[in-house]
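Breakdown of the fold
Here's the letter readout for the chains.
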Amino acid sequence: MSQDTNRPTLTVAILLLILSTAHTVVNITRVKDGLVKYRDTFRGGTASFFEDASRPTYLIKNALNIMQTLLAELW
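Residues numbered from 1 in each chain as written. Predicted model: local features only at pLDDT ≥ 70, side-chain atom pairs only at ≥ 80, totals over all residues. Heavy atoms only, no water.

**Here we look at the packing of aromatic side chains**
Scanning the entire structure with this criterion turns up 4 aromatic pairs. A ring pair is formed by Y38 and F49, whose centres lie 5.8 Å apart and whose planes are at 20°; its orientation type is stacked. In this pair, Y38 is assigned in the loop between α1 (7–37) and α2 (46–51) and F49 in helix α2, connecting sequence segments 11 residues apart. Under the relative-accessibility criterion, Y38 is labelled partly exposed at 22%. Between F42 and F49, the aromatic rings sit 5.4 Å apart at their centres with planes inclined by 75°, giving edge-to-face as the arrangement. You can call F42 partly exposed: its relative accessible area is 21%. Linked through ring pairs, Y38, F42, F49 and F50 together constitute an aromatic cluster. (Phe/Tyr/Trp six-rings, centres within 6.5 Å; stacked < 30°, edge-to-face > 60°. Helix = DSSP H or I, 4+ residues; strand = E, 2+ residues; numbered from the N terminus. Buried < 20%, exposed > 50% of the residue type's maximum accessible area, 1.4 Å probe, protein only.)

**Section: the side chain of R55**
Mapped onto the fold, R55 is located in the loop between α2 and α3 (56–74). For R55, which is buried and forms no salt bridge, the nearest opposite charge comes from D52, at a distance of 4.7 Å. (Lys, Arg positive; Asp, Glu negative; His and termini not counted. Salt bridge = Lys/Arg side-chain N within 4 Å of Asp/Glu carboxyl O.)

**Notes on the side chain of R30**
Counting through the fold element by element, R30 comes out in helix α1. Of the buried charged residues, R30 lacks a salt bridge, with D33 as the closest side chain of opposite charge at 7.5 Å. When sequence neighbours within four positions are dropped, the list of residues in contact with R30 reads F49, F50, T57, Y58 and K61. (Contact = heavy atoms within 4.5 Å.)

**Here's the deal with the packing of α1 against α3**
Between two packed helices, what matters for the description is the angle formed by their axes and the separation of those axes. It is at 9 Å that the axes of α1 and α3 come closest, and there the two elements cross at 160°. With respect to their mutual orientation, α1 and α3 come out roughly antiparallel. In this structure, α1 meets α3 at a crossing whose hand is left-handed. Of α3, the residues touching α1 (which contributes V12, L15, L16, L19, S20, A22, H23, V26, N27 and R30) are T57, Y58, I60, K61, L64, N65, M67, Q68, L71 and A72. Residue composition of the contact of α1 with α3, grouped by class: 12 nonpolar, 6 polar and 2 charged. (Axes fitted to C-alpha atoms, helices over the stretch in contact; angles between N-to-C directions. Parallel < 35°, antiparallel > 145°, perpendicular 65-115°, else oblique. Left-handed = near helix turned anticlockwise from the far one by under 90°. Nonpolar A, V, L, I, M, F, W, Y, C, P; charged D, E, K, R; others polar.)

Structure follows, in structure tokens:
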């Protein structure tokens, strides 16, 4: 790396890339689960699945979103 590289900015950019990729993976998993895997399991259909805040993927998705937002805002 050259001396002109701003290491803290590069670190934050890489962390944001990792967090946004994880967020996308969790969202794709939620969509697959809600529309395919659990489509007939929840009373109220898929809308009930996506509204269920006790699902682990819901909690992980929101935690990733909060971490990404805080990292971006604090930097």
